[in-house]
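Below are the chains, spelled out letter by letter.
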Amino acid sequence: MKKFEIAVIPGDGIGKEVVPAALTVLNTAAEVHGGIRFDFTEFPWSCDYYLKHGQMMPDDGLQILQGFDAIFLGAVGNPRLVPDHISLWGLLIKIRREFEQVINIRPAKCFKGLCSPLVNPNDFDLIVVRENSEGEYSEVGGRIHRGEDELAIQNAVFTRKGTERAMRYAFELAQKRRGHVTSATKSNGIFHSMPFWDEVFNEVKQDYPDVATASIHIDALAAFFVTRPQMFDVIVASNLFGDILTDLGGAIMGSIGIAPAANINLNGKYPSMFEPVHGSAPDIYGKGIANPIGQIWTAKMMLDHFGEEELGNKILKVIEEVTEAGVKTPDMGGSASTREVTGEICRRLKAL
Ligand SMILES: NC(=O)c1ccc[n+]([C@@H]2O[C@H](COP(=O)([O-])OP(=O)(O)OC[C@H]3O[C@@H](n4cnc5c(N)ncnc54)[C@H](O)[C@@H]3O)[C@@H](O)[C@H]2O)c1
Ligand SMILES: O=C(O)C[C@@H](O)C(=O)O
Ligand SMILES: [K+]
Ligand SMILES: [Mn+2]
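The shown structure was predicted, so the numbers you read here are calculated from the model rather than taken from an experiment. (Residues numbered from 1 in each chain as written. Chains lettered and ligands numbered in written order. Predicted model: local features only at pLDDT ≥ 70, side-chain atom pairs only at ≥ 80, totals over all residues.)

Engineer: Give me the lowdown on the overall build of the protein, citing residues and values where you can.
Structural biologist: What the protein contains, in helices and strands, is 12 helices and 12 strands. Here the protein has a C-alpha radius of gyration of 20 Å; the compact-globule value for 352 residues is 20 Å, and the two agree. With the C-alpha coordinates of the protein rotated into their principal frame, the extents come out at 55 × 50 × 40 Å. Relative to its full complement of 352 residues, the protein shows a buried share of 46%. (Helix = DSSP H or I, 4+ residues; strand = E, 2+ residues; numbered from the N terminus. Rg over C-alpha atoms; globule rule 2.2 N^0.38 Å. Buried ≥ 20, exposed ≤ 12 C-beta atoms within 10 Å, placed from the backbone.)

The structure is reproduced here in structure tokens:
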């Protein structure tokens, strides 16, 4: 029996609804498999925790997490209680950074049974490789002269190491897929970092002559996500561009509530973290209607990471069957609850 030790952080808002749903599916998947087991250890780190303790996680939080095979997280953020930059940098981004989860992979594809808002919802199947450790997400800068003459400076940080690492990951992924990488750039408007990004891309691509490439400005690229998403295979993007593109990836699938993500530690020193693209959705929290598919598909990505691709593929297949059968939450145009969608996924998984 293979055993996986998973640290579970439901976090805030609908994280507390979709994480338990995904754990139910994971337990069902383990039953179906017969040879694996999950040990879940839950941590209450969240904005509620912050209100009680003055921090998003305890001082030794990272030390505690380090011993696990993976971290399974829901969402972080409750702007009514804690400013977003405090809560995210205190938990989600802290873990990404300290655990050197330098790549964030976020697939999007045309899904059976989903109602895409696209006029021409052509078959598309793309994956965004988001640089996850630097770029526009930086603590370098500051604010002075509070008041009328206030000034805010936010520096972006692009290292050759981080840029090249994300690009190489994208090329290697493309070699296993349809052999195409698109670089998301903005070297017409961003004077230093994006020309640098382009230079590194042009260097790195020389090492992958079997992979075709394109370099497209992020504004045009965003439009192409809507008008012809089928043109993309792998897209490599900076931290912020990748963030924005992947909400859009969710939207063109039919709902941001189904988009999955994986924060990957490449050097094996720390666990990787699995959390969907969406946030804590305070507008629907507590109604029992959050779409659990993003979190469940994220669980599938965790299984892939563990080398259990076959089981992961079964989960994805069942998710598609369930949406095709019309068991969908309201964000996808259905009327099912989180619990009903989860129950149907488990039922079909057992019946496979
Ligand atoms: N990775 C993360 O933990 C993460 C990601 C994004 C936002 N956030 C945080 O979440 C909070 C809310 O942010 P936001 O409103 O910008 O983004 P959001 O993703 O939480 O919500 C955007 C919209 O999508 C809907 N939505 C999201 N997930 C859904 C699901 N599973 N099922 C059905 N509908 C869903 C919401 O109801 C809302 O209308 C903020 O505090 C933000 O900082 C956290
Ligand atoms: O900005 C972030 O990275 C937080 C959230 O929007 C995400 O996509 O994970
Ligand atoms: K999330
Ligand atoms: Mn985001």
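There's plenty left to go through after this.
Engineer: Which residues make up helix H6 (residues 160-176), and what are the values?
Structural biologist: For H6, which comprises 17 residues, the first-to-last C-alpha distance of 24 Å matches the rise-based estimate of 24 Å (1.5 Å per residue) to within 8%. Residues of H6 that are buried in the fold lie against strand E4 (103-109), strand E5 (125-131), strand E8 (180-185), helix H7 (193-205) and strand E10 (234-237). (Expected span 1.5 Å × (residues − 1). Contact = placed C-beta atoms within 7 Å.)

Engineer: If you had to explain the UniProt feature "domain: Isopropylmalate dehydrogenase-like" (unreviewed entry) in the protein to someone new, which residues and values would you point to?
Structural biologist: The feature "domain: Isopropylmalate dehydrogenase-like" (unreviewed entry), as annotated in UniProt, sits at residues 5-345 in this numbering. Counted over residues 5-345, helix gives 40% and strand 19%. Its end C-alpha atoms are 23 Å apart. (UniProt positions renumbered as here; feature names shortened; annotations may be inferred.)

Engineer: Before we move on, can you summarise the site of ligand 1 with the specific residues and values?
Structural biologist: Around ligand 1 lies a shell of 24 residues, among which Gly 77, Gly 257, His 278, Gly 279 and Asn 291 are the nearest. By residue class, the composition of the shell around ligand 1 is 12 nonpolar, eight polar and four charged. (Near = placed C-beta within 6 Å. Nonpolar A, V, L, I, M, F, W, Y, C, P; charged D, E, K, R; others polar.)

Engineer: An account of the sheet that holds strand E11 (residues 262-264) is needed here, citing residue identities and associated values.
Structural biologist: Spatial ordering of the open sheet is given by E2-E1-E3-E12-E11-E4-E5-E10-E8-E9, a layout of 10 strands whose pairing is mixed. Lying at the two open borders of the sheet, with one neighbouring strand each, are strand E2 (36-42) and strand E9 (212-217). Strand-to-strand twist of the sheet, defined as the mean angle between neighbouring strand axes without regard to direction, takes the value 25°. Bridge count for E8 against E9 is six bridges, and the pairing is parallel. Among the inter-strand pairings, Ala 184 is bridged to a residue of E9, identified as Ile 216. Against the sheet, H6 engages E4, E5, E8 and E10, with an angle of about 160° to E5. Each of strand E3 (70-75), E11 and strand E12 (272-274) touches helix H10 (residues 293-305); the most contacted strand, E12, lies at about 155° to it. (Pairing = 2+ DSSP bridges. Axes fitted to C-alpha atoms, helices over the stretch in contact; angles between N-to-C directions.)

Engineer: An account of the environment of Asp 84 is requested, with residue identities and associated values reported.
Structural biologist: With respect to the helices and strands, Asp 84 occurs in helix H4 (residues 84-90). Each C-alpha atom, one on Asp 84 and one on Cys 47, is 9.6 Å from the other, the two residues being 37 residues apart in sequence. In this view, Asp 84 contacts Gly 77 and Pro 79; residues no more than four positions away in its chain are not counted.

Engineer: Lay out unusual backbone geometry in plain terms, naming residues and giving numbers.
Structural biologist: In this model, Glu 100 sits at a positive phi of 45°, which is unusual for a non-glycine residue. Inspection of the secondary structure puts Glu 100 in the loop between helix H5 (92-98) and E4. Among the residues examined, Glu 100 registers 18 C-beta atoms within 10 Å and is labelled partly exposed. Of note in the backbone geometry, Ala 281 takes a positive phi value of approximately 40° without being a glycine.

Engineer: Kindly report on the pairing of E3, identifying the contributing residues and their values.
Structural biologist: Summarising burial for E3: six of the six residues are buried, a large majority. Where strand E1 (residues 2-11) meets E3, five bridges bridge the pair, whose relative direction is parallel. Counterpart to Gly 11 in the pairing with E3 is Ala 75. In this sheet, E12 lies alongside E3 in parallel orientation, the contact comprising three bridges. Residue pairing across strands places Phe 72 opposite Phe 274, the latter belonging to E12.

Engineer: Could you give an account of the nonpolar core, naming the residues involved and the relevant values?
Structural biologist: Ranked by internal contacts, the top residues of the largest apolar core, which has 97 residues, are Val 25, Ile 71, Val 129, Ile 235, Val 236 and Ile 296. Built from parts of two domains, this core gets at least three residues from each of domain 1 (1-102 + 258-352) and domain 2 (116-253). The residues touching Val 236, leaving out its near neighbours within four places in the chain, are Val 129, Ala 166, Met 167, Ala 170, Val 181, Ser 183 and Ala 184. (Core = buried A, V, L, I, M, F, W, Y, C linked by C-beta atoms within 7 Å. Domains from an automatic or database assignment.)

Engineer: With reference to specific residues and values, describe the packing of helix H1 (residues 15-33) against H10.
Structural biologist: Running from N to C, H1 and H10 cross one another at 45°; their axes reach a closest spacing of 8 Å. Considering their axes alone, H1 and H10 lie oblique with respect to each other. Read as a crossing pair, H1 and H10 show a hand that is right-handed. Contact residues: H1 offers Val 18, Val 19, Ala 21, Ala 22, Val 25 and Leu 26, while H10 offers Gly 294, Gln 295, Ile 296 and Ala 299. Looking at side-chain class alone, the contact of H1 with H10 contains eight nonpolar, two polar and no charged residues. (Parallel < 35°, antiparallel > 145°, perpendicular 65-115°, else oblique. Left-handed = near helix turned anticlockwise from the far one by under 90°.)

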